[in-house]
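# Summary of the model geometry
Here are the chains, one letter per residue:
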Amino acid sequence: MNRRDFLKTTIITGAAFALPGSPNPLIKALEAAEKTDLVAAHGLSPAAITKTAIDGLGGIKSFISRGDIVVVKPNIGWDRLPAYAATTNPEVVSTVVALCYAAGAKQVKVFDHSVVDPRRCYKQSGISAAATAAGGIVSFIDERKFRDMKLPGVVLKSWPLYTEAVEADKFINIPIAKTHGLSTLTLGMKNLMGIMGSSRGRIHQRIDGSLVDLAMKVSPTLIILDAVRILTANGPQGGDLADVKLLNTVVAGRDQVAVDAYGATLFGLKGSDIGCVVAGNKAGLGTMDLAKLKIKRINV
Amino acid sequence: MHAYSSPRASLVCCRLRLCAGWISSGRRSLVVTTIIAFVFTLLIIMTSNPARAAEVSIQKILPAQGFTEEWVIDGKVELYDKDTLFNHINGEAELYFPYGFDALASANYINRKNQDLSIVADVYRMASVLDAFGIYANYRKANNSWVTIGAEGFASGSQLMFYQDRYFVRLQVSGETNLPQDTLLACASTISQNLPVGVGPPKELDVLKIPALVPKSERYLAQGLLGYAFFRRGMIADALVQDEKMQIFVIHEDTEAEARRTFDQYHTYLKAEGQGIQLTENAARRLIIAVDPLYGGVQMEQSGRYIAGLVRIKNNSLAERLLDELHKRISADAGS
């Protein structure tokens, strides 16, 4: 029985116990959650579309419980201002942090393994200031917190991963959608590399399989793809405003493969054009066939 | 600072003097004088023009302190090689490897008055001038603002890139989206002075210089030209004639046999795709006129070690004319 069948059975069983014609809030919530695999919210306010996208999946309380220690993982990889679309939009990040606290989270931690000088990346991206203002616990990566962990993988059997990310009660992945010299695009699965230690070069040698193995291990509670601005060329570091396209969109979902497959369409590509999406689909991590998914598109 | 130092020259002179010891004393002074004169002449030639010195130390290309009073280095010059390039530019590193990336020197220069403002200067050493051009042209756009530096360069409010000799230089502003171009140019000029002067654009590009060539549209792809693995490497550019835009390309194989094999692979591919193909062959030239599944109308010829062609053709007679012009350029290049 898959998730959808399970939910249908639950709903039907619940309905059988409900009085005919009476509205049952439990059934309605289950129906809403069952019907939506992805939400793509479009609008001028990054904060508003982020909240709308999460609400479309049933709201933040569907993901975060009281007392949770939450890790929010944006892309803070580059020393770039938000306008360059090389790092996650700070307003999207701060909105997620604030929503987690509103849902009762005990702590919301924000970090990334920056490619270049983290001091500059955290500051110039605007993420440090925005997340801190929302109450987030922002920290630089501490190399001592990487620990070699077993992965249920084909390519990667074990790898040093950031303990705070793996041991958190909930992990929310917030990538930005952009081009990438090696993996064509960098979306959700690629953003998970920010919790990996050791040599990036070694990961890049067999990147698609490595990303799927990592995604199997980490399995984020929620993925929020920032497409407020996307980087259409010369990624992942960018640096030229001419390569940036304003889409004013945020995509939210639970299925890592589905979110990345939808992300590909923002660049005029298909999920099948992206190696890790194909590999993730094949490995059973999620589905890349958007036609099989319930996708809600909301204008805010 | 040059790669050739005086201690090394002294050592050479000493060894030559030892050799001279076995020569009869009557001729010794003449031979020694000649050798010493030769060595000194060589040293003068090498040290008078850094461009002609065999190599410069990549660590010394970037200014160690700063490039003006206002812009000073933050930290020190960092060096990266093939194993560590990922640590600086992540997956973008893969783009550089086919172009024979060898070493990168990187430094961050911060503004004394506003330390949030910085310029990251990266100097990449590639395998050849053509490779440096190839990686540079990957970032070049038709609407760039061109600057006079190196073999060619462009700049915006946030970037300046140029190539010179076998070096590709990339300057990136952080903390600002519209820095005055003069600042970037000052940094670039300082770096340029420390690089070999070079020979200008790679001469391999000359074969593309037909009248229909769209200026600054040339690219060199070190692997997978047109996305086809059997086109291992080659040059491509836009061509415009009578308002019709096409793309011209030239592949220069090492041997005629390799060129024939590449041609055959494309022919086989087109046949497998079920496309209508017109193949003409004679002793000197083989020609395909067909429809490529990805690029529409195509004409491609193989002549000696060269393959030349056009894609996105709408008018075959126009394309035929351009192919003839390419053929003449190639013949001239092969004969030179």
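Just so you know, these numbers come straight off a predicted model, no measurement behind them. (Residues numbered from 1 in each chain as written. Chains lettered and ligands numbered in written order. Predicted model: local features only at pLDDT ≥ 70, side-chain atom pairs only at ≥ 80, totals over all residues. Heavy atoms only, no water.)

Looking now at the overall build of chain B. Looking only at helices and strands, chain B features 8 helices and 15 strands. In chain B, which comprises 336 residues, the proportion classed as buried is 49%. If you sum the accessible surface of chain B, you get close to 16,000 Å²; carbon and sulfur atoms cover 52% of it. (Helix = DSSP H or I, 4+ residues; strand = E, 2+ residues; numbered from the N terminus. Buried < 20%, exposed > 50% of the residue type's maximum accessible area, 1.4 Å probe, protein only. Areas by Shrake-Rupley, 256 points an atom, 1.4 Å probe, with all protein chains shown as cover.)

This part takes up the interface of chain B and chain A. Contacts between the two partners involve 26 residues from chain B and, on the opposite side, 30 residues from chain A. Overall, the association of chain B and chain A removes approximately 2,200 Å² of surface from exposure, summing both partners, and the carbon and sulfur fraction of that is 43%. Looking only at chain B, the three residues that lose the most surface to chain A are N90, E92 and K141 of chain B, adding up to 22% of its buried area. Put simply, chain B and chain A have 4 salt bridges between them. Across the pair D243 of chain A and K141 of chain B runs a salt bridge, and its minimum N-O distance is 2.9 Å. Where the side of chain B that touches chain A is concerned, the elements lending two or more residues are α3 (86-89), β3 (103-111), α5 (129-139) and β8 (167-174) of chain B. Residues of the side of chain B that touches chain A, tallied by class, amount to 5 nonpolar, 14 polar and 7 charged. (Contact = heavy atoms within 4.5 Å. Buried area = accessible area lost by both parts, 1.4 Å probe. Salt bridge = Lys/Arg side-chain N within 4 Å of Asp/Glu carboxyl O. Nonpolar A, V, L, I, M, F, W, Y, C, P; charged D, E, K, R; others polar.)

Attention now goes to the pairing of strand β4 (residues 118-125) of chain B. Residue and element names in this part refer to chain B. With 8 of its 8 residues buried, β4 lies for the most part within the structure. Bridge count for β3 against β4 is 8 bridges, and the pairing is antiparallel. Within the sheet, the bridge partner assigned to A105 lies in β4 and is V123. Hairpin connection of β3 to β4: 6 residues between the antiparallel strands. Examined bridge by bridge, β4 and β8 share 8 bridges and lie antiparallel to one another. Bridge pairing in β8 links R125 to Y167. (Pairing = 2+ DSSP bridges.)

Of all hydrophobic cores here, the largest spans 86 residues; its most connected members are I64, V72, C100, I172, M189 and I224 of chain A. Of all the elements, strand β10 (residues 222-231) of chain A adds the most residues to this core, at 7 residues. (Core = buried A, V, L, I, M, F, W, Y, C linked by side-chain atoms within 4.5 Å.)

All right, on to the confidence of the model for chain B then. All names here are of chain B. Here chain B averages 87 in pLDDT, and 83% of its residues register 70 or above. Scored below 50 in pLDDT, residues 1-23 shows 18 contacts in the model against residues more than four places distant or in partner chains. With pLDDT under 50 throughout, residues 42-53 is counted as low confidence; its partners more than four residues away or in other chains account for 11 contacts. (pLDDT = per-residue confidence, 0-100.)

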